[in-house]
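# Residue-level structure breakdown
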Amino acid sequence: MKAPGGSVFEAPSGVDVGGVKAGGEAPSEGLSRGTPADPSVMVIFGATGDLTRTELLPSLFELYCKRLLPDRFAVIGFARREWTSEHFREVARDSAEYECAWHPEAWEDFASRLHYVQGDVAGAPEEGYERLSVEIARVRAEANIADNVFFHLAVPPSLFATIAERLAEVGLTHSEAGWRRLVIEKPFGENLGSALELDREIQRSFHEDQIYRIDHFLGKETVQNMLVFRFANPAFEPIWNRNYIDHIQITVAEEIGIGTRAGFYEKTGVVRDMMQNHLLQLLCMATIEPPVTFDGSSLRDETVKILQAMNCCPIDIERDAVSGQYGSGEVRGESVVGYREEEGVAAGSSTPTFAAIRLGLDNWRWAGVPFYLRSGKRLARKLTEVAIQFKPTPHVMFPRPDGPVPPNVLAFRLQPEEGIVQRFIAKQPGPGITLRDVTMNFRYAEAFGVEEPPRAYAWLLLDVMQGDQTLFARADWINEAWKVLDPIITRWDERAPEDFPNYASGSWGPAAAEALIRDDGRSWRNV
Ligand code: BG6
C-alpha cells in the first residue's frame, strides 16, 4: 500500500476488488458513471449513531477494499460524545467486522484515515465547529487532500438547518479551490409545508447542486437495473404501457418491527418512512419516459413528471387507501409483541405501520392503469418487489378445464434474492395440451457470481464523491411526492383509527388491504 499521496492506489493482495483480484484490472462497473471519485474529506455528523455504525463506516470500508475510494481520502466523525479518534476506529472496526466482508490486511491503512472531533452539533461555533474546521485543514495537509469536503448529516432532520447554518458561519460551505457537498437523510420534512421550509433554510447555506438527498433504495442494484432493463433492451419498451400492462404492484414487506426506533417511528409512520420516498421512487423507475441521457437532470426531470401526473389523479382516501398497525403474533416461528407494546410506543398509539394505496397516473402512457403500493412492518416475510402484470391474451384456443390462464408477470425482485423473475405460460409435459405457469429467473448471485450485492450506501457515497446527483432526490421531486401523500397523512393524523391494531404480526396486513385490490378483480402477490 502506498502512503497517502502516492499516485497509484493498490489494494492489499488477495482483497476482492469486485470480480478481479488485486493487481488485476480495476473493475469498471464500480465507477458507476465512469468518473473517478475525487480526493476528499467526509465529515459525518452523528458519528456515534446507528446509521454511521451499520451503514456508513461498513460502506466506506467496502469501497476501500474494492479499491474504489480515492487514494487521498479521510473521514472525520463529529458528535457530542467524548470519544477519541482511537475509540472511533475501534467502533468502526467492530462494525466493519460485523457488517461486511472482513479483510484484516486492509484494516490498518483504512483506519488511519478515520478521525474524530468532539462537539455539539447545535452549539455555538466555538463548541465544536471551529475545532472541526481546524481538523479538516490538518487532515487535508497531512494527507495532501484537495479542498473537497462533504458533510453527511446522519442526525435527526430537525438539526439539518442548524448544522447548515453553523457550517456557513465558520466558512465551511464554499471553497474556491474545490467543492463542498451536503448529504442529508430522509425524511425531508414531514409534509409539503415543512419540506419547503427545510429547503429554504438549507439553501441559505448550500445551493441545490451541492445538496444530496439520499434514498438508499436508489443505490440498490435492481432499482438501477429497472432502468437498464427498460432502456437497454428494445424488446420490452413497445409493450410498456396501458395497452399491454394491466397493473403494477409494489410491495415492500418487512418482517422486522420498529426495534429501538420508537422515538423516530411514532412521529413518522409508514407513509413518511417508506411511501413518500422508497415506494414512490420505485414507481417512478418503473414508469418514467426514456430520459435523453443518464444524468442528474434528464433522469430527475422525468421522475418529477411522473409525480405531476400522479397529482392529476387525486386519491379518494376512503376508497384508495388502507392503514394498519401490527398486533402481536408470530414471525418466522417466534412470538412478537404488537406495536403498542413496543418499548417507547404510546399505549393507544395510532401510528400506522402498514399502508396500502391505489394510485393512478394521468398521462399518455399510463392513463387508466392502477398502481397498487403496500408496505408494512411485521409482515409474513421480507419481500421487496415491483411486479408488472400484463393483460390477458385476447383469445385462448387451448382447453382450460382449470379456469382462466394466469397472467404474465415480470417481477423486479429487490429482496430477497435480487433479480428479475418472468412468469409465463408453458405446456406441461405429457399427452394433450395442459397449460401451466412457470418462471424464468435471473438472479444476480448466479449471473454475476456475487454472493451479496454491494451495499446501496456504498454506491451512493461514491456518487457523492464523483459529484453525480443522478440517484439523489431533487427538491421538486420531494415536494411533488409530499403533494401526492399529504392528504392521506393529514387524514390519518387527524382521525385515529378505531380498529388498530388491525393485523397480526406474521400476516400479510389488514383484511381491508386484500379487499382494496380484490374489489378490482386482482390480488397481491404474496410470494
Ligand atoms: C429505511 C426505513 O429507510 O428503510 C426503515 O427507515 C426500513 O424503517 C428500511 O426498515 C428498509 O430498508 P431495506 O434496505 O432493509 O429494505
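Structure's up top.
## Things to note about the site of the ligand
Neighbouring the ligand are 13 residues, the closest being His-216, Lys-220, Glu-254, Asp-273 and His-278. Within the contact set of the ligand, an oxygen atom lies 3.1 Å away from a side-chain nitrogen or oxygen of Lys-186. Contacts to the ligand include Lys-382, whose side-chain N or O atom sits 3.2 Å from an oxygen atom. In the complex, 81% of the free accessible area of the ligand, which totals 390 Å², lies under the protein chains. Broken down by element, the shell around the ligand gets its largest block of residues, three residues, from helix H8 (residues 262–287).

## Focus: unusual backbone geometry
The residue after Gln-415, namely Pro-416, is reached through a cis peptide bond having omega -10 degrees. With an omega dihedral of -5 degrees, the bond running from Phe-500 to Pro-501 counts as a cis peptide bond. The phi dihedral of Arg-67 is positive, around 60 degrees, even though this residue is not glycine. With respect to the secondary-structure elements, Arg-67 resides in the loop between helix H1 (50–65) and strand S2 (73–79). With a phi close to 55 degrees, Glu-417 is a non-glycine residue in the positive phi region. Its location among the elements puts Glu-417 in the loop between strand S14 (409–415) and strand S15 (419–427). On the basis of relative accessibility, which here comes to 49%, the residue Glu-417 falls in the partly exposed class.

## Some thoughts on a nonpolar patch on the surface
There is a patch of nonpolar side chains on the surface, built from Val-396, Met-397, Phe-398 and Ile-433 and spanning about 360 Å² of accessible area. Mapped onto the elements of the fold, Ile-433 is located in the loop between S15 and strand S16 (435–443).

## Side note on the pairing of strand S6 (residues 211–214)
Side chains Ile-211 and Arg-213 project from S6 onto one buried face, and the interleaved Tyr-212 and Ile-214 project onto a second face that is buried too. By the bridge criterion, four bridges tie strand S5 (residues 180–185) to S6 in an arrangement that is parallel. The partner of Leu-182 across the bridge, within S6, is Ile-211. For the handedness criterion, the β-α-β arrangement of S5, helix H6 (residues 192–202) and S6 is classed as right-handed.

## Here we look at the sheet that holds strand S9 (residues 326–331)
Ordered in space as S10-S9-S17, the three strands form an open sheet in which the pairing is mixed. The outermost strands of the open sheet, each flanked by one partner alone, are strand S10 (334–336) and strand S17 (503–505). Direction aside, the axes of adjacent strands within the sheet are offset by 25 degrees on average.

## Quick word on the pairing of strand S4 (residues 149–153)
Within S4, five of the five residues are buried, leaving the element largely enclosed by the surrounding structure. Of the two faces of S4, the one carrying Val-149, Phe-151 and Leu-153 and the one carrying Phe-150 and His-152 are both buried. Of the pairings in the sheet, the one linking strand S1 (residues 40–45) to S4 comprises five bridges and is parallel in character. Considered in S4, the bridge of Ile-44 is made with His-152. For S4 and S5, the ladder comprises five bridges, and the chain directions are parallel. Its bridge partner lying in S5, Phe-150 is registered against Arg-181. Handedness of the β-α-β unit built from S4, helix H5 (residues 160–169) and S5 comes out right-handed.

## Some thoughts on the packing of aromatic side chains
The full count for this structure, using the stated rule, is 27 aromatic pairs. Ring centres of Phe-61 and Trp-107 lie 5.3 Å apart, and the angle between their planes is 70 degrees; this geometry places the pair in the edge-to-face category. Taken together, the positions of Phe-61 in helix H1 and Trp-107 in helix H3 (residues 104–111) put the pair 46 residues apart, joining distant regions of the chain. Taking relative accessible area as the criterion, Trp-107 reaches 3% and is therefore assigned buried. On the numbers, 6.2 Å between centres and 85 degrees between planes, the contact of Phe-442 with Phe-448 is edge-to-face.

## Quick notes on the side chain of Thr-470
Looking at the secondary structure, you find Thr-470 in the loop between helix H12 (456–466) and helix H13 (475–494). At a separation of 3.2 Å, a polar atom in the side chain of Thr-470 contacts the main-chain amide nitrogen of Gly-296.

## Focus: the nonpolar core
In this structure, Val-43, Phe-45, Leu-132, Phe-151 and Leu-359 are the most contacted members of the largest nonpolar core, which totals 153 residues. For this core, the element with the highest residue contribution is H8, accounting for 13 residues. Residues contacting Phe-45, with those up to four places away along its chain left out, are Phe-78, Val-121, Tyr-129, Leu-132, Phe-151, His-152, Leu-153, Ala-154, Val-155, Ile-163 and Leu-167.

## Section: the environment of Ala-458
Structurally, Ala-458 is set in helix H12. As a C-alpha pair, Ala-458 and Tyr-64 span 394 residues in sequence and 9.9 Å in three-dimensional space.

## Some remarks on the environment of Thr-351
Mapping Thr-351 onto the fold places it in the loop between S10 and strand S11 (354–359). Residues Thr-351 and Leu-516, 165 residues apart in the sequence, show an inter-C-alpha distance of 20 Å. Residues within four places of Thr-351 in sequence aside, it is in contact with Tyr-265, Glu-266, Gly-269, Gln-325, Tyr-339 and Phe-500.

## Side note on the sheet that holds S2
Overall, parallel pairing links the six strands, which are arranged S3-S2-S1-S4-S5-S6 in an open sheet. With one partner strand each, in any of the chains shown, strand S3 (114–118) and S6 form the two edges of the open sheet. Neighbour to neighbour, the strand axes of the sheet diverge by 20 degrees on average, direction disregarded. Sitting on the sheet, H1 touches S1, S2, S3, S4 and S5, and the angle it makes with S1 is about 170 degrees.

Conventions adopted
Residues numbered from 1 in each chain as written. Predicted model: local features only at pLDDT ≥ 70, side-chain atom pairs only at ≥ 80, totals over all residues. Heavy atoms only, no water. Near = heavy atom within 4 Å. Polar contact = N/O pair within 3.5 Å; in protein donor to acceptor, adjacent residues only side chain to side chain. Areas by Shrake-Rupley, 256 points an atom, 1.4 Å probe, with all protein chains shown as cover. Helix = DSSP H or I, 4+ residues; strand = E, 2+ residues; numbered from the N terminus. Buried < 20%, exposed > 50% of the residue type's maximum accessible area, 1.4 Å probe, protein only. Patch = residues over 30% accessible without salt bridge, like charges linked within 9 Å, V, L, I, M, F, W, Y side chains within 5 Å. Salt bridge = Lys/Arg side-chain N within 4 Å of Asp/Glu carboxyl O. Pairing = 2+ DSSP bridges. Right-handed = clockwise from strand over helix to strand, strands pointing away. Axes fitted to C-alpha atoms, helices over the stretch in contact; angles between N-to-C directions. Phe/Tyr/Trp six-rings, centres within 6.5 Å; stacked < 30°, edge-to-face > 60°. Core = buried A, V, L, I, M, F, W, Y, C linked by side-chain atoms within 4.5 Å. Contact = heavy atoms within 4.5 Å.

Read these as spatial facts, not as claims about activity.
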